[in-house]
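# Fold and geometry: a report
Spelled out from the first residue to the last, the chains are:
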Amino acid sequence: MKSFVQRSLTGIAFGVALLLFFIFPRPLIFSLLLFTLFIVIVGWELPYLKRYQNLATIYTTLGFITIIALNRTDYRPLIVYLFLLVFTFDVSAYITGTLIGHYKLVPRLSPKKTWEGLIGAIIITTTLFVLLTHHEALFIRIGYGLMLCATAFLGDLFVSWLKRKNNIKDTGSLLPGHGGLLDRFDSVLLTAFTFYVLRNELARLLL
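All of the points below concern the structure found in this document. Computed from a predicted model, the values in this text were never measured in an experiment.

Turning our eyes to something else, we now look at the overall build of the chain. Secondary structure summary: the chain contains eight helices and two strands in total. Going residue by residue from the N terminus, the α and β elements of the chain occur as α-α-α-α-β-β-α-α-α-α. By sequence separation, contacts in the chain at least 24 residues apart represent 73% of the contacts at least 6 residues apart. Accessible surface for the chain amounts to roughly 10700 Å². Of this, 70% is attributable to carbon and sulfur atoms.

Helix-helix packing is described using two parameters, namely the angle between the two axes and the distance between the axes. Where helix α2 (residues 27-45) contacts helix α3 (residues 53-71), the axes come no closer than 10 Å and their chain directions differ by 175°. Considering their axes alone, α2 and α3 lie roughly antiparallel with respect to each other. Contacts from P27, F30, S31, L34, F35, L37, F38, I41 and V42 of α2 reach α3 at T60, T61, F64, I67, I68 and N71. Considered class by class, the residues forming the contact of α2 with α3 number 11 nonpolar, four polar and no charged.

Compared with the 27 Å implied by 1.5 Å per residue over 19 residues, the 27 Å span of α3 between its first and last C-alpha is a close match. If you check which residues of α3 are buried, you get A56, Y59, T60, G63, F64, T66, I67, L70 and N71. Axial view of α3: buried residues confined to an arc of 150°, hence all on one face. Relative to its buried face, α3 has exposed residues pointing more than 90 degrees away, namely N54 and L62.

What follows is about the pattern of salt bridges. Under the definition given, this model contains four salt bridges. Note that R184 and D90 form a salt bridge whose closest N and O atoms lie 3.8 Å from each other. In this pair, R184 is assigned in helix α7 (residues 181-197) and D90 in helix α4 (residues 78-100), connecting sequence segments 94 residues apart. Here R184 and D90 have matching classes, each one buried.

What counts as what
- Residues numbered from 1 in each chain as written.
- Predicted model: local features only at pLDDT ≥ 70, side-chain atom pairs only at ≥ 80, totals over all residues.
- Heavy atoms only, no water.
- Helix = DSSP H or I, 4+ residues; strand = E, 2+ residues; numbered from the N terminus.
- Contact = heavy atoms within 4.5 Å.
- Areas by Shrake-Rupley, 256 points an atom, 1.4 Å probe, with all protein chains shown as cover.
- Axes fitted to C-alpha atoms, helices over the stretch in contact; angles between N-to-C directions.
- Parallel < 35°, antiparallel > 145°, perpendicular 65-115°, else oblique.
- Nonpolar A, V, L, I, M, F, W, Y, C, P; charged D, E, K, R; others polar.
- Expected span 1.5 Å × (residues − 1).
- Buried < 20%, exposed > 50% of the residue type's maximum accessible area, 1.4 Å probe, protein only.
- Arc of directions from axis to C-beta.
- Salt bridge = Lys/Arg side-chain N within 4 Å of Asp/Glu carboxyl O.

Put into structure tokens, the structure is as follows:
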């Protein structure tokens, strides 16, 4: 229970901190923050991934480049929705899985992931996306919401696969209760790429 509360509070605090950095400073400051986080992950965490380190570096680099690119355009407000939706997915999956999880999802890659956690996260995150969007039919908004849930889940699963292949549980200890900064950004990085590719459509729905 202590780990559950610690992880939840740390994740929420980290998300709020990123949001505050995004809202108040100029775009350059937020880009510098993202670059600093990128350097920490690449310099201090990825070295733990002896196997497939190049693949992990490419994934991390492209993800952060995508977020920084969004931050330097008129689509910058989409970043708020990116972090909000991904953190909602992560937190709801963790809380739902912890409270009612029973059936293991991918025990070989991530023993704590459950079907109940995934389904709960999909329902909560897709509902939030639908409530935030407009200008389109309900089924289209649900489709976009499900797609973003899929990218968040696959990003998380990819990093879990990397850690399993290297026989490690965490890549760092900077965030109490989490598996490192990469663990906090694993879902964000792939979803950010989706946000960038679909920036015109998502801007029409969200902004």
